[in-house]
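Structural overview
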Amino acid sequence: MLGIAWRNFILQFHRYRVLAAALVLGALVFTVLFGVTASLTHTVREKAARYFSGDVMVLNFSHPRDWIIDDELAIRRAFDEAGLDVASHHRRSLYYETDAKLVFNGTSLVQRRVIGLDFSEERDNFSQQEFLEGGLPKGPIPTDGLWVSNDTAQRLHVRVGDEVILMVKTDQGFRNTVSLRLAGVFQDSSFFGFASYLDYRTLNRVLGRPEETITELGISLGSGADSDSAARTVWRRLKDAVPTLPWVGTLDGAYAWADKNPISTPTYAVLPLSGRLKQINDLIEAIYAVNALLVLVFLVVVAIGVYNTYQMIAFERTREVGTMRALGMQKSAVITLFLTESLMLGFLSSVAGLILGSLALWLLGQVDFSGNLLAQMFLAKGRVAFAWPWQNVATVLGVMWLTTLTGAVVPAWRAAAQRPVDALRHE
Amino acid sequence: MNITRKIMRLFFLIIGLLSSSGVWAEINSLAILSKIDSQVSFVDSDFSAEIAMTQTKPGEGISQRTVALFRRDREQKFVMLLLKPESDRGKGYLKIGNNLWLYETIPTRRFTVTSAKDRFQNSNARNSDFTRSTLALDYKIVSMGKEKLGPFDTTIYNLEALHNDITFPKTKLWVTADSLVRKTEDYSLSGQLLRTTAMPSYQEFKGRFVPKKVTIIDALLGKTLNGVFKNETTEYTLSKLSTDPLPSLIFTQSYLEKNSQ
């Protein structure tokens, strides 16, 4: 049967070619669409993880909120015992007030987050920043080093090696300053707000905190890991060890719970990265919704196209069907023959579209979009990172295949339902 | 005789203890700063004046403001109303005790809580520059010295904050023998100079003193023009001084609302 179907498929290909071209184009478009969406999602989440202490983070929500983490050992144990694929640890002290300013040569710029990194833990992760100038030295990290985004550097007209003053308020409420040396400028869209990085001990000193203080502890997970389920696992481990907020899942949820239940002793919240990215999640969900809508519309068009084409093909091949039936072929065999041809059409078109789509994705990855500041958040080194989300692509191709098959069922059944004598009489 | 000696010993012992414990220094510090405060405060009457302010941002030009100032120092109240430019007319500040509100008219008429530490209308002056002088409550003297400042023989006092409700944690004052501050330098906790203020001349008014002209130089903000760094500066003069009683209604939110209409 397969041999006959293949022979028919080749012989009748001139009848399939428009439909085949449409299917190839569809597969190509969906491969690119899902590839780009996956790439943008992955890149933005990776950047967000670097900005927000990883995929799973622990914060102290005691009242009043000093954020200081006192139970580091217990939290680290919870991370270890959760059995997760941990790519890197994040150990930070943060300043997150509205009055943090960098001043250089008479110009000041407010920073949304001043992030003190423990470079002994974060060096590898931080070195993945896209440095445009300077970077991390191979030797010891300078304690007076400062790393800022290209946006900040441009606005302050500051270059690597320049002395910059950081102005903050100490935890005791006094205005304080520290002179820092610009050590690196990294590519960043500042979508999450201007952030600058320095050694956490230096930040703690200027904030009047004990040198080893940390306010955020987190982990980055290996590729493909689900931050939500990982955070839940950590939370289950941690709640048995130290006072912990009930599972809230989002930063807003944690604030709401902590405001309703003010506790003076350290009480920790375990948050997944998604819990801090409401806007990004909304944007990504919107993109996926648009994708799903496009897929749906395309599949409906494919189904109608397949149906019409097969109606025509079945009509044009009536005498052929009559001959096969006269030679003893059963109705079911005729239907199977037509459906097998449609499966071949769907399969070959999908594979061709997939290959062309992958090629298009690779070509897209070669284009430099660095000039577009808005797009920087979604780009890796100014380019669309190559991503091939096989689950999404396979699902769409599978559904497309099924649609092709479904579209061919009625014409195949009608063709097979004709009496051989009528079919042979067909002009 | 023995008793006299014992009393004398006890007296010197107490003096010694006071000196070594720093209590004497604190009492002395309080007295010096209280004297400076009293020279420029109007605790027995209300005080009002008109302030003409000029803000210079190198490379960006000059902006001018006229502000009406009303103070009731004994109750720690003050109101400032912006009179010019026209676009800011109706804006104002109200301070009652430790609460300070900014009344804005654009985009909507509303009060927002602000801080004495904040900049006054994006100038180099802080809101706290216009309130009653409370050095004795806010600072302690940690060291002092003598210095010639232009024509003035001055005593320099290095001050450190007693609490965190002040604008600058460290301040240096140049004070003449008449307890008038001629110059101040404000520092961050780490000792970074943030701004310098000069008040070279005062006008005596109803037994108190009011600076004729105040020049504030921001130590950090400015621009390099033709290879020379020019600091941002704010200058203001006080005129139309008065100690006439002010109606209590002035020191209310409804007055600011009414004034803006």
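Here the residue numbers are simple positions, counted from 1 along each chain's written sequence. Chains and ligands are labelled sequentially in the order written, the chains with letters from A and the ligands with numbers from 1. In view of the model being predicted, local features appear only for residues whose pLDDT reaches at least 70, and side-chain atom pairs are presented and counted only at 80 or more, with totals across whole chains, interfaces and linings using the full set of residues.

1. As for the overall build of chain A
Helix and strand assignments come from DSSP, with helices taken as H or I runs of at least 4 residues and strands as E runs of at least 2, each series counted from the N terminus. Across its full length, chain A holds 13 helices and 12 strands. Taken over C-alpha atoms, the radius of gyration comes to 30 Å for chain A, far larger than the 22 Å a tight globule of 427 residues would show. Considered along the principal axes of its C-alpha atoms, chain A spans approximately 100 × 50 × 35 Å. Exposed residues have 12 or fewer other C-beta atoms within 10 Å of their own C-beta, buried residues have 20 or more, and partly exposed residues fall in between, where C-beta atoms are placed from the backbone. Looking at chain A as a whole, 41% of its 427 residues are labelled buried. Each residue is represented by a C-beta atom placed from its backbone, and any two residues with such atoms within 7 Å are regarded as in contact. By sequence separation, contacts in chain A at least 24 residues apart represent 83% of the contacts at least 6 residues apart. Values of the radius of gyration come from C-alpha atoms, whereas the globule rule sets the reference at 2.2 Å times the count of residues to the power 0.38.

2. Structural notes on the confidence of the model for chain B
pLDDT is a per-residue confidence score from the predictor, ranging from 0 to 100. Of the residues in chain B, 94% reach a pLDDT of 70 or more, and the chain-wide mean stands at 88. Both scores are available for the predicted complex, with the pTM at 0.77 and the ipTM at 0.81.

3. Regarding the packing of helix α11 (residues 331–365) of chain A against helix α12 (residues 390–417) of chain A
Residue and element names in this part refer to chain A. Between N-to-C directions, angles span 0 to 180 degrees; the directions come from axes that are lines fitted to C-alpha atoms, helices contributing only their stretch in contact. Put simply, α11 and α12 touch, their axes get as near as 8 Å, and they point 150° apart. Between α11 and α12, the angle is such that the two are roughly antiparallel. α12 is crossed by α11, and the crossing has right-handed handedness. Residue composition of the contact of α11 with α12, by class: 20 nonpolar, four polar and one charged. In these notes the angle categories are as follows: under 35 degrees is roughly parallel, over 145 is roughly antiparallel, 65 to 115 is roughly perpendicular, and the rest is oblique. It is the rotation of the near helix from the far one that decides the hand of a crossing: anticlockwise by less than a right angle makes it left-handed, clockwise makes it right-handed. Each residue is assigned to one class: nonpolar for Ala, Val, Leu, Ile, Met, Phe, Trp, Tyr, Cys and Pro, charged for Asp, Glu, Lys and Arg, and polar for all the others, Gly among them.

4. A few points about the interface of chain B and chain A
Chain B puts 14 residues into the contact, and the matching count from chain A is 14 residues. At five residues, the largest contribution of residues to the side of chain B that touches chain A is made by strand β14 (residues 213–225) of chain B. Here the residues of the side of chain B that touches chain A sort into seven nonpolar, six polar and one charged.

5. Re the nonpolar core
For this entry, the nonpolar core is defined as buried Ala, Val, Leu, Ile, Met, Phe, Trp, Tyr and Cys residues connected by C-beta atoms within 7 Å. In terms of nonpolar packing, the biggest core is built from 130 residues, with Val164(A), Leu166(A), Val234(A), Tyr268(A) and Val270(A) touching the most fellow members. Looking at this core element by element, the count peaks at 16 residues for helix α2 (residues 13–51) of chain A.

6. Considerations on unusual backbone geometry
Omega for the peptide link from Lys84(B) to Pro85(B) comes to 0°, which places this bond in the cis form. Structurally, the position occupied by Pro85(B) is in the loop between β3 (77–84) and β4 (92–96). Residues other than glycine seldom take positive phi values, yet Ser53(A) does so here, at roughly 45°. Within the fold, Ser53(A) resides in the loop between α2 and β1 (56–60). Look at Ser53(A) and you get buried, because 28 C-beta atoms sit within 10 Å. Although it is not a glycine, Lys240(B) adopts a positive phi angle of roughly 50°. As for its placement among the helices and strands, Lys240(B) is situated in strand β15 (residues 228–242).

7. Overview of the pairing of strand β12 (residues 202–205) of chain B
Residue and element names in this part refer to chain B. Between any two strands, at least two bridges found by DSSP are needed for them to pair. Across four bridges, the pairing between β12 and strand β13 (residues 208–211) is antiparallel. The residue of β13 that forms the bridge with Glu204 is Phe209. Where β12 folds back on β13, the antiparallel hairpin that results is connected by two residues, among which Lys206 adopts a positive phi of roughly 50°.

8. Remarks on helix α4 (residues 119–126) of chain A
Residues and elements named next belong to chain A. Taken together, the buried positions of α4 are Phe119, Glu122 and Phe126. Projected down its long axis, α4 shows its buried positions confined to an angular sector of 85°, all on one face. Buried positions along α4 lie against β2 (86–95), β5 (113–117) and β10 (195–199). This arc corresponds to the set of directions leading from the helix axis out to the C-beta atoms.

9. Description of the domain arrangement of chain A
Per the domain assignment, the segments of chain A are domain 1 (2–47 + 279–425), domain 2 (55–85 + 222–275) and domain 3 (88–203). The distance between the C-alpha centroids of domain 2 of chain A and domain 3 of chain A comes to 26 Å. Segmentation into domains, and thus their bounds, comes from an automatic or database assignment.

10. Topic: the environment of Val248(A)
Residues and elements named next belong to chain A. Relative to the elements of secondary structure, Val248 occurs in the loop between α7 (227–238) and α8 (251–260). On a C-alpha basis, the gap between Val248 and Gly275 in space is 8.8 Å, while along the polypeptide they are 27 residues apart. Apart from the residues lying within four places of it in its own chain, the contact partners of Val248 are Gly253, Ala254, Trp257 and Ala269.

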